[in-house]
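# A structural walkthrough
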Amino acid sequence: MSQWLEQSVQVEVEASIDKVWSLWSDLEQMPNWMNWITSVKVSEDQPEISRWTLSTGGLQFSWQSRLTKKIPNQIIQWESISGLPNRGAIRFYDRGTNRSVVKMTIAYAVPELLAQLMNNSMVDRFVQSNLQGDLDRFCEYAAKTDSA
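Below, the structure is looked at part by part. Keep in mind that what you see is a predicted model, and the values were worked out from it rather than measured.

## Some words on the pairing of strand β5 (residues 75-83)
- Bridging between strand β4 (residues 59-71) and β5 involves eight bridges; their strand directions are antiparallel. Along β5, the bridge assignment pairs K70 with I76.
- Pairing of β5 with strand β6 (residues 86-94) involves five bridges; the strand directions are antiparallel. The residue of β6 that forms the bridge with E79 is R87.
- Where β5 folds back onto β6 in an antiparallel hairpin, the turn is made up of two residues.

## Quick notes on unusual backbone geometry
- Positive phi, normally seen in glycine, also occurs at N73, with a value near 65°.
- Classification of N73 as partly exposed rests on a relative accessible area of 24%.
- For N98, which is not glycine, the phi dihedral falls at a positive 55°.

## Concerning the pattern of salt bridges
- As enumerated under the stated definition, the model contains four salt bridges in all.
- Across the pair E14 and R99 runs a salt bridge whose closest N-O atoms are separated by 3.9 Å. Residue E14 is found in the loop between β1 (2-13) and α1 (17-25), and its partner R99 is found in the loop between β6 and β7 (100-111); the two are separated by 85 residues along the sequence.
- For E14, a relative accessible area of 57% puts it in the exposed group.
- Salt-bridge contacts for D134 lead to R137; the nearest nitrogen and oxygen are separated by 2.5 Å. Of this pair, D134 and R137 are both found in helix α3 (residues 120-147), three residues apart, which corresponds to roughly one turn of the helix.
- When salt bridges with common partners are traced through the structure, they connect E12, E14 and R99 into a single cluster.

## What to know about the packing of aromatic side chains
- By the definition in use, this model includes seven aromatic pairs.
- Here the aromatic rings of W24 and W33 are separated by 5.1 Å at their centres, their planes lie at 65°, and the arrangement is edge-to-face. Neither residue differs from the other here; W24 and W33 are each classed as buried.
- Judged by centre distance (5.5 Å) and plane angle (35°), the ring pair of W36 and F126 falls under tilted. Here F126 lies in helix α3 and W36 lies in the loop between α1 and β2 (37-42), a separation of 90 residues in the sequence.
- Since its relative accessible area comes to 47%, F126 is described here as partly exposed.
- Aromatic rings pair up to connect W24, W33, F138 and Y141 into one cluster.

## Comments concerning a negative patch on the surface
- A surface patch of negative charge is lined by D26, E28, E44 and D45.
- Examined against the element boundaries, E44 turns out to sit in the loop between β2 and β3 (49-56).

## Quick word on the environment of F138
- As for its placement among the helices and strands, F138 is situated in helix α3.
- By relative accessible area, which is 0% here, F138 ends up buried.
- In this structure the C-alpha to C-alpha distance between F138 and V11, which are 127 residues apart in sequence, comes to 9.1 Å.
- Setting aside anything within four residues of it in sequence, one finds F138 in contact with V13, V20, L23, W24, W33 and V102.

Procedures and definitions
Residues numbered from 1 in each chain as written. Predicted model: local features only at pLDDT ≥ 70, side-chain atom pairs only at ≥ 80, totals over all residues. Heavy atoms only, no water. Pairing = 2+ DSSP bridges. Helix = DSSP H or I, 4+ residues; strand = E, 2+ residues; numbered from the N terminus. Buried < 20%, exposed > 50% of the residue type's maximum accessible area, 1.4 Å probe, protein only. Salt bridge = Lys/Arg side-chain N within 4 Å of Asp/Glu carboxyl O. Phe/Tyr/Trp six-rings, centres within 6.5 Å; stacked < 30°, edge-to-face > 60°. Patch = residues over 30% accessible without salt bridge, like charges linked within 9 Å, V, L, I, M, F, W, Y side chains within 5 Å. Areas by Shrake-Rupley, 256 points an atom, 1.4 Å probe, with all protein chains shown as cover. Lys, Arg positive; Asp, Glu negative; His and termini not counted. Charge placed at Lys NZ, Arg CZ, Asp CG, Glu CD. Contact = heavy atoms within 4.5 Å.

This is the structure:
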């Protein structure tokens, strides 16, 4: 049995909704701003399927994900189909001229035994802090690609 934990973070980005959508919808770019994600490979045969690799503290995890919903400039939603159990969504909000909001919600399964050993509030703060850092790096990345 597993216990599911969920985190949500958001950030306002100084970039148009089209620019923000373009960057996030190219999944293979995500290692450019997601600290623990070392690679994302989209299947050539099935573009809704991708293989993800996460590395942290000498540990490496991988999984396959399937896009379950993709509406341009609004949402990218996924669920894992093998490997590390996770699911989530990236939501996009247009705030007018050259401003957007990105909200990321991620849920992940923690094995029951591990959940009993860990302080979930400590894990929540740690994961949330790292996810917020990813979104902050995304803001910097979006700004750099606009000026390039």
